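Okay, here's what each chain looks like letter by letter:
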Amino acid sequence: MHSRSGAVVTPRVIAIAGGSASGKSTLTRRLRDLLGPGASVVALDEFFRTDRTHGPFVVSPVDGGRHFDLNHPDAFDVPAILARIEELSRDGQRVQFILIDGAFALAFDELTERLHLKVFVWLDDDLRLGRKIARNFAERDTNPAITFQNYVNSGRPGHDLHVARTMSKADVILHGNNSPDDNARIVSTLIHHLQPEGFP
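A brief report on the enclosed structure follows. (Residues numbered from 1 in each chain as written. Predicted model: local features only at pLDDT ≥ 70, side-chain atom pairs only at ≥ 80, totals over all residues. Heavy atoms only, no water.)

1. Structural notes on the nonpolar core
The nonpolar side chains of soluble globular proteins are, as a tendency, buried together.
Here is step 1 of the chain: Within the largest apolar cluster, 29 residues are counted, with the highest numbers of intra-cluster contacts made by Phe76, Ile98, Ile100 and Phe104.
Here is step 2 of the chain: Taken together, the elements giving at least two residues each to this core come down to strand S1 (12-18), helix H2 (78-90) and strand S5 (97-101).
Here is step 3 of the chain: Broken down by element, this core gets its largest block of residues, five residues, from H2.
Here is step 4 of the chain: The next biggest cluster of nonpolar side chains, apart from the first, holds 16 residues, and it includes Ile16, Leu117, Val119 and Leu174. (Core = buried A, V, L, I, M, F, W, Y, C linked by side-chain atoms within 4.5 Å. Buried < 20%, exposed > 50% of the residue type's maximum accessible area, 1.4 Å probe, protein only. Helix = DSSP H or I, 4+ residues; strand = E, 2+ residues; numbered from the N terminus.)

2. Examining the sheet that holds S5
Here is step 1 of the chain: If you walk across this open sheet you meet the five strands as S2-S5-S1-S6-S7, and the pairing is parallel. Strand pairing shows two members of the sheet lacking a second neighbour, strand S2 (39-43) and strand S7 (172-175), which therefore form its edges. Neighbouring strand axes in the sheet, compared pairwise and without regard to direction, differ in orientation by 20 degrees on average.
Here is step 2 of the chain: Note: strand S6 (residues 117-122) against S7, four bridges, orientation parallel. Its bridge partner being in S7, phenylalanine 120 is matched across the sheet by isoleucine 173.
Here is step 3 of the chain: Helix-sheet contacts for H2 involve S2 and S5, and the interaxial angle to S5 is about 160 degrees. (Pairing = 2+ DSSP bridges. Axes fitted to C-alpha atoms, helices over the stretch in contact; angles between N-to-C directions. Contact = heavy atoms within 4.5 Å.)

3. A few points about the packing of aromatic side chains
Here is step 1 of the chain: The final tally for this structure, using the stated rule, is three aromatic pairs.
Here is step 2 of the chain: Ring centres of phenylalanine 76 and phenylalanine 104 lie 5.1 Å apart, and the angle between their planes is 50 degrees; on these two criteria the pair is classed as tilted. Here phenylalanine 104 lies in the loop between S5 and helix H3 (109-112) and phenylalanine 76 lies in the loop between strand S4 (66-68) and H2, a separation of 28 residues in the sequence. Grouping residues by exposure puts phenylalanine 76 and phenylalanine 104 together as buried. (Phe/Tyr/Trp six-rings, centres within 6.5 Å; stacked < 30°, edge-to-face > 60°.)

4. Here's the deal with the packing of helix H1 (residues 24-35) against helix H6 (residues 180-193)
Here is step 1 of the chain: The contact between H1 and H6 brings their axes to 9 Å, and the two run at 55 degrees. Classified by the angle their axes make, H1 and H6 are oblique. The crossing of H1 and H6 is right-handed. Note on element contacts: H6 touches H1 through Pro180, Asp181, Asn183, Ala184, Arg185, Val187, Ser188, Ile191 and His192, opposite Thr26, Leu27, Arg30, Leu31, Leu34 and Leu35.
Here is step 2 of the chain: Per-class residue counts for the contact of H1 with H6 are eight nonpolar, four polar and three charged. (Parallel < 35°, antiparallel > 145°, perpendicular 65-115°, else oblique. Left-handed = near helix turned anticlockwise from the far one by under 90°. Nonpolar A, V, L, I, M, F, W, Y, C, P; charged D, E, K, R; others polar.)

5. Quick notes on the packing of helix H4 (residues 125-140) against helix H5 (residues 144-163)
Here is step 1 of the chain: Taken N-terminus to C-terminus, the directions of H4 and H5 make an angle of 135 degrees; their axes are 10 Å apart at the nearest point. When the interaxial angle is binned, H4 and H5 end up oblique. Remark: the crossing between H4 and H5 carries right-handed chirality. Residues Asp125, Arg128, Leu129, Lys132, Ile133, Asn136 and Phe137 of H4 touch H5, and the partners they reach there are Pro144, Thr147, Phe148, Tyr151, Arg156, His159 and Asp160.
Here is step 2 of the chain: Class assignment of the residues belonging to the contact of H4 with H5 gives a composition of six nonpolar, three polar and five charged.

Here's what the structure looks like:
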């Protein structure tokens, strides 16, 4: 990416973190639309480790089975995430903004040190659970009892231990019940205040 003067400018990297079903992905999509074609999204849910031999694991109280714990930071391939960000950063002609979307977007020091803006979307746990049950049923026809059990078994503990604490790292905390368009405008304004002199 280049400024009006022709100098190379590093893309702005923005993290959108928050609990599952808090509204962070909706915010990311609205923000991408608002920022235009120069915005690229890195969805952390696409970067779970493929080698799951050594966990992390969680034991299901339903069937007693040991399952790969997707609600733990060790479930993610952090080097692959960083490599993707580096790849996008090199595409200076096209990429102006890199939006990191994921509950664990503020959980890794190697990632947070590359961020220009850190956003956390907060929503009460009961509301998030209600949204998650409704969403899983509508999109996947998942039995609400299964969604609830997964939440109790892994989702809520993972959030409390690994996600909620990262809110203290955020530059701005937005409420998940706010209008996504309003939240997107807030973040867009903050992003443009970060722009270096001479940026279009």
